[in-house]
Amino acid sequence: MAAPHFLKQALLLRACFHTYKHFTVRAVTARPRLWCSAAITPPSEKPNGNRLNYVNNTLNLRRDDYSSSSVRLDDEPEYRKWKDKEDEILNDIEPILLLTKEILHSPRYMDGGRLTVEDEKMVVEKLLAYHPHSEDKMGCGLESIMVDRHPQFRHSRCLFVVRTDGGWIDFSYQKCLREYVRANYPAHAERFIREHLKRGSS
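K.L.:
Account for the packing of aromatic side chains, with residues named and values stated.
P.N.:
All told, the structure shown has two aromatic pairs when counted by the stated rule. Plain terms: the ring middles of Tyr130 and Tyr180 are 4.8 Å apart, the flat faces sit at 80 degrees to each other, and that makes the pair edge-to-face. Of the two residues, Tyr130 is situated in the loop between helix H4 (117–126) and helix H5 (134–138) and Tyr180 in helix H6 (residues 173–184); the sequence distance between them amounts to 50 residues. Relative to Trp168, the ring of Phe160 lies with its centre 5.1 Å away and its plane at 75 degrees, an arrangement referred to as edge-to-face. When its relative accessible area of 1% is taken as the criterion, Phe160 is described as buried. Residue classification places Trp168 among the exposed residues on the basis of a relative accessible area of 51%.

K.L.:
Tell me about the pattern of salt bridges, and name the residues and values.
P.N.:
All chains considered together, the criterion is met by 12 salt bridges. Across the pair Asp84 and Arg80 runs a salt bridge whose closest N-O atoms are separated by 3.6 Å. With Asp84 and Arg80 both in helix H3 (residues 77–105) and four residues apart, this pair spans about one turn of that helix. Classification of Asp84 by relative accessible area gives partly exposed; the value is 44%.

K.L.:
Account for the sheet that holds strand S3 (residues 157–163), naming residues and giving values.
P.N.:
Reading across the sheet, the four strands line up as S1-S2-S3-S4 and stay open at both edges, with antiparallel pairing between neighbours. Among the strands making up the open sheet, the edge pair consists of strand S1 (113–114) and strand S4 (168–171).

K.L.:
Could you give an account of the packing of H6 against helix H7 (residues 189–196), with specific residues and numbers?
P.N.:
Two elements in contact, H6 and H7, have axes separated by 9 Å at closest approach and are oriented at 155 degrees. The angle between H6 and H7 falls in the class roughly antiparallel. For H6 against H7, the interelement crossing comes out right-handed. Across the interface between the two elements, Arg178, Val181 and Arg182 from H6 touch Ala189, Glu190, Phe192 and Ile193 from H7.

K.L.:
So what about the pairing of strand S2 (residues 142–149)? Which residues, and what values?
P.N.:
The pairing of S1 with S2 spans two bridges and is classified as antiparallel. Its bridge partner lying in S2, Gly113 is registered against Val147. Across seven bridges, the pairing between S2 and S3 is antiparallel. Within S3, the position partnered with Leu142 by the bridge is Arg163.

Thresholds, definitions, all that
Residues numbered from 1 in each chain as written. Predicted model: local features only at pLDDT ≥ 70, side-chain atom pairs only at ≥ 80, totals over all residues. Heavy atoms only, no water. Phe/Tyr/Trp six-rings, centres within 6.5 Å; stacked < 30°, edge-to-face > 60°. Helix = DSSP H or I, 4+ residues; strand = E, 2+ residues; numbered from the N terminus. Buried < 20%, exposed > 50% of the residue type's maximum accessible area, 1.4 Å probe, protein only. Salt bridge = Lys/Arg side-chain N within 4 Å of Asp/Glu carboxyl O. Pairing = 2+ DSSP bridges. Axes fitted to C-alpha atoms, helices over the stretch in contact; angles between N-to-C directions. Parallel < 35°, antiparallel > 145°, perpendicular 65-115°, else oblique. Left-handed = near helix turned anticlockwise from the far one by under 90°. Contact = heavy atoms within 4.5 Å.

Below is the structure:
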């Protein structure tokens, strides 16, 4: 009686082991099924470097397409006309602008120093003559042009009119330049002043 019982137990154990083995193998080897094969694009086989090059090339292509299809600003006639006039004004005022900055910022003139005859002539003709209050600045008469510390901003230097009666008063070369541009280039003066000449003091 023991033998049939043992055989029955052995068969039952083998069936359980076979079912367990079959279940675990299927669980390990089974691959998830996609709902739609077109829904997910398989990963590229290209290395990361090639993928990066592809992105860069695509961006460059789009940038080139945009630049070729869009209107270039410097090709517009009005803009080109403005740039030509801007260059003309800059070339015109450059000599007096460079001279003024050299006078104010170089050690060629110490505080309280009077300008040489050549420098004074240039400053009077190209700057002071165009100041909106030039007559008031010169008062009873012009004796010389001096460079010294600004009366309010002691860390900066400016130009002064020295009058024949011994009095002296500062004037802004920026204000003189703005009036010079307005007098000689009225059609383009305000735009040029807005872009190149900051506001002066007096």
